[in-house]
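Coordinates in review
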Amino acid sequence: MKNFIFNRRTLLAGTAIGSVGLLAACGGGNSGNTSSAASASALGVGEDIAKLISVNPKERADLKEGGEFRFALKSLGPDFNVANQNGNTHDNALALSAVSPINVSGLWQTDFEGKASPNPNFCESFQEEVSGGVQTLRIKLNSKAKFNDGTPIDIKALQATAEILGKGLDNGFNLVDSGPHSLIESIEEDGDAFAVKVTMKEPYYPISDVFGYGFGVFHPEVNNKETFNNGFVDKLHPEWQAGPFKVDSWNSSEKVLAMVPNDKWWGEKPLLEHVTYRQMETAAQRASFKNGELDAVEARTLTAYKDIEGTQGAEIRRGQRLFAGGLNMSSFRLPVEMRKAIFAAVDRDAMAKVKFNGLNWTEQMPGSMMLMPFSEYYQDNFAEATKDWEAGKILEEAGYKKDGDFYKKDGKNAKFTVTTFGDDPVDSALAQTLVQQMKTAGIECVIDNQPDANFGTVVGNKDFDLTFSGYTVGPDATTVAKQYYHSANNKGQGSKEIDKLIEEAGKIQDDKERNKKCNEIEKKHMEEFAMMGTLFNGPEIFMAKNELANFGAALFGDVNQAPNTWLKRGWTK
């Protein structure tokens, strides 16, 4: 099935740098092998995750200047503010990473393994000091950095961003999450407008979340509720962007975004002379790739893989997808007893077999929304939280009684809808499998199929009971623990006890201890609220033209999190 991903700081159908999660539609084992397109497997703790990278790596000297990169996305827009719940999708972040990495990944970048460092195009240094229990962050901004309208990326931009993120939730901004920015006490000049001192109300870790991936840095003009909430619908506002490319054109009816090198970019110049993203259903993407109209295409499902397998002049690039999810349920439409019963009734192994059938991909059943199984901090929280659950017992204790095929309460069946997106048969098979599993448990499940393009709107507006969606996974769990499990980010759904644990976690400097606390939070939230559960991580599979360099399965080195990859993406000589 396809992966729709949100960056909760990005939602994915089926995907965040640092620790933010992007929403995605859905779609670690023993040993990995990406040298063969025929098979691969997920990795566990301590194994060499470099085996999960396949990008045809080349140095700039080996590539020619010029050329075009053409790629298709399942969803593009309509809201291009990735910090807004309605625009917070992996595909939007991908598209914007070329024209405005300052909005997507902020002052930071990551390497393939997920290690964060300041992005020198925007930030020369980012240092922490703690004295008397007070945490101070000293930031040296790149004085050459400017938004396209000439506004410097200086202290005013950081102040506006902190105002939006730190206070926006209380002021009606449709934010995904405030992250650590609500803990900022003050932002002051530390010599000039490009040397900035940030004083925190209390220590927060990891510091790379501050003005980092999934939060970004905004043009001061965005610090307005109407602009933030509605000003980016079918508008990209290139004047407020800053990146190596600029918007050449946006066709809102045909959903085509064209980009060219930005003549106002102060950093190393990109090699490509044209980049085009277009919104297309998955079957149309594959047809366009085979016809030579696209330069690469995703192939994460059996249908897609078999359709493009053997395309001349192209190769499979396979690795690990940074995705977790599969059971994303709305706490506003399904009562907690129904959510728990669904968790108890689903046969996750059977669902995974449907998902990966024919892809020659193996993985241990994942159990965390926050961390990949190869992470040293990973724990199987889903299995622990649900190990003693039985669907019928849960429903009976909630007042349901079995009547024929289904449990009933107040004359109504225990019933929910699974919403799917797009035209891939694997998605349909996954939904049909869930229908049968639920019927066996006495729960009625019906299917609502929507176009791929509706994903961001449906999930952003929480207009669903259950979707096979999830989020991108980062190297640290701190921010997503808050994003997923704090009551403030779920319209009050949660508990004061869990909120307190989340606030305590962010103060722990030791990475291992902090992530251990986050695992405790996730397990407790799953036990009590059963809102998100894991079915898959899954493979990252692309088919790309042989000569396309620095593109493919990149783990944490994807352009969302490592935007400077755009400077060396190109075609071999």
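The structure displayed is predicted, hence computed values, not measured ones. (Residues numbered from 1 in each chain as written. Predicted model: local features only at pLDDT ≥ 70, side-chain atom pairs only at ≥ 80, totals over all residues. Heavy atoms only, no water.)

**As for the pairing of strand S9 (residues 123–131)**
Sheet analysis places S9 next to strand S10 (residues 134–141), joined by eight bridges and oriented antiparallel. Across the sheet, valine 130 pairs through a bridge with glutamine 135, a residue of S10. What sits between S9 and S10 in their antiparallel hairpin is a turn of two residues, with glycine 132 showing a positive phi close to 60°. (Pairing = 2+ DSSP bridges. Helix = DSSP H or I, 4+ residues; strand = E, 2+ residues; numbered from the N terminus.)

**Things to note about the packing of aromatic side chains**
The tally for this structure, following the rule as stated, stands at 23 aromatic pairs. Consider the rings of phenylalanine 71 and phenylalanine 551, whose centres lie 5.7 Å apart with planes at 65°: the pair is edge-to-face. One end of the pair, phenylalanine 71, is in strand S6 (residues 68–73); the other, phenylalanine 551, is in the loop between strand S29 (548–549) and strand S30 (570–572), with 480 residues separating them in the sequence. In this structure, phenylalanine 71 and phenylalanine 551 share a single accessibility class: buried. An aromatic cluster is defined as three or more aromatic residues linked by ring pairs; in this entry it consists of Phe69, Phe71, Phe245, Tyr277, Phe542, Phe551 and Trp566. Seen from the ring of phenylalanine 536, lysine 355 lies directly overhead, with NZ or CZ sitting 5.4 Å from the centre. Over the ring of phenylalanine 69 we find arginine 569; its NZ or CZ atom is 5.3 Å from the centre of that ring. (Phe/Tyr/Trp six-rings, centres within 6.5 Å; stacked < 30°, edge-to-face > 60°. Buried < 20%, exposed > 50% of the residue type's maximum accessible area, 1.4 Å probe, protein only. Lys NZ or Arg CZ within 6 Å of the ring centre and 35° of its normal.)

**A look at the confidence of the model for the chain**
Confidence in the prediction of the chain, expressed as mean pLDDT, is 90, and 93% of residues score 70 or more. Throughout residues 1–20 the model reports pLDDT below 50, and contacts reaching past four residues in sequence, or to other chains, amount to 226 contacts. Counting interchain partners and residues more than four positions distant, the pLDDT-below-50 stretch residues 26–37 has 55 contacts. (pLDDT = per-residue confidence, 0-100. Contact = heavy atoms within 4.5 Å.)

**Points about the sheet that holds strand S13 (residues 245–251)**
Spatially, S6-S15-S14-S13 is the arrangement adopted by the four strands of the open sheet, whose pairing is mixed. Looking at the sheet topology across the chains shown, the edges are occupied by S6 and S13. Across the sheet, the mean angle from the axis of one strand to that of its neighbour is 20°, orientation sign disregarded. By the bridge criterion, six bridges tie S13 to strand S14 (residues 256–261) in an arrangement that is antiparallel. Bridging from a neighbouring strand, asparagine 251 pairs with valine 256 of S14. (Axes fitted to C-alpha atoms, helices over the stretch in contact; angles between N-to-C directions.)

**Here we look at the pairing of strand S23 (residues 415–421)**
In terms of burial, S23 is largely enclosed, as six of its seven residues are buried. Relative to strand S24 (residues 444–450), S23 is paired through seven bridges, and the arrangement is parallel. Each residue of the ladder has a partner; that of threonine 419, found in S24, is aspartate 448. Between the parallel pair S23 and S24, the chain is carried across by helix H11 (residues 425–440), and the sense of this crossover is right-handed. The sheet contact formed by S23 and strand S25 (residues 466–467) spans two bridges and is parallel. Bridged to threonine 419 within S25 is threonine 467. (Right-handed = clockwise from strand over helix to strand, strands pointing away.)

**What about the nonpolar core?**
Ranked by internal contacts, the top residues of the largest apolar core, which has 82 residues, are Phe416 and Leu434. With sequence-adjacent residues up to four places away left out, phenylalanine 416 is seen in contact with Leu334, Met338, Ile342, Leu434, Met438, Ile443, Glu444, Cys445, Val446, Asp465 and Leu466. Counting 42 residues, the second largest nonpolar core, distinct from the first, contains Leu76, Phe215, Tyr277 and Ala544. (Core = buried A, V, L, I, M, F, W, Y, C linked by side-chain atoms within 4.5 Å.)

**Section: the packing of helix H13 (residues 478–485) against helix H15 (residues 511–529)**
Helix-helix packing is characterised by the crossing angle of the two axes and by the distance between the axes. Closest axis-to-axis distance for the H13/H15 pair is 9 Å, and the angle between their directions is 20°. Relative to H15, the element H13 is oriented roughly parallel. As H13 packs across H15, the resulting crossing turns out to be left-handed. The residues of H15 that touch H13, namely those facing Thr478, Ala481 and Tyr485, are Arg514, Cys518, Ile521, Glu522, His525 and Met526. Here the contact of H13 with H15 is composed, by residue class, of five nonpolar, two polar and two charged. (Parallel < 35°, antiparallel > 145°, perpendicular 65-115°, else oblique. Left-handed = near helix turned anticlockwise from the far one by under 90°. Nonpolar A, V, L, I, M, F, W, Y, C, P; charged D, E, K, R; others polar.)

**Observations concerning the sheet that holds strand S12 (residues 195–200)**
Within the open sheet, the four strands sit side by side as S9-S10-S12-S11. Their pairing is antiparallel. For this open sheet the edge positions go to S9 and strand S11 (184–189), each flanked by a neighbour on one side alone. Put simply, the sheet's adjacent strands are angled 20° from each other on average, direction ignored. Note that S11 and S12 share five bridges and pair antiparallel. Along S12, the bridge assignment pairs isoleucine 184 with methionine 200. In the packing of helix H3 (residues 155–167) onto the sheet, the strands contacted are S10, S11 and S12, and the crossing angle to S11 comes to about 165°.

**Things to note about the pattern of salt bridges**
Opposite charge on two side chains makes pairing possible when the charged atoms of those side chains draw close. Overall, the coordinates contain 28 salt bridges when judged by the stated rule. Of the charged contacts, one joins arginine 321 and glutamate 540 as a salt bridge, the two residues approaching to 3.9 Å between their closest N and O atoms. With arginine 321 in the loop between strand S17 (314–320) and strand S18 (323–329) and glutamate 540 in strand S28 (residues 539–545), the pair connects residues that are 219 residues apart, well separated along the chain. Classification of arginine 321 by relative accessible area gives buried; the value is 2%. Here aspartate 476 makes a salt bridge to arginine 514, at a shortest N to O gap of 2.7 Å. In this pair, aspartate 476 is assigned in the loop between strand S26 (469–472) and H13 and arginine 514 in helix H15, connecting sequence segments 38 residues apart. Aspartate 476 gets classed as buried once you look at its relative accessible area, which sits at 8%. Take arginine 514: its relative accessible area is 0%, and that puts it in the buried class. Several salt bridges share partner residues, and in doing so they unite Lys74, Glu298, Arg300, Arg321 and Glu540 into one network. (Salt bridge = Lys/Arg side-chain N within 4 Å of Asp/Glu carboxyl O.)

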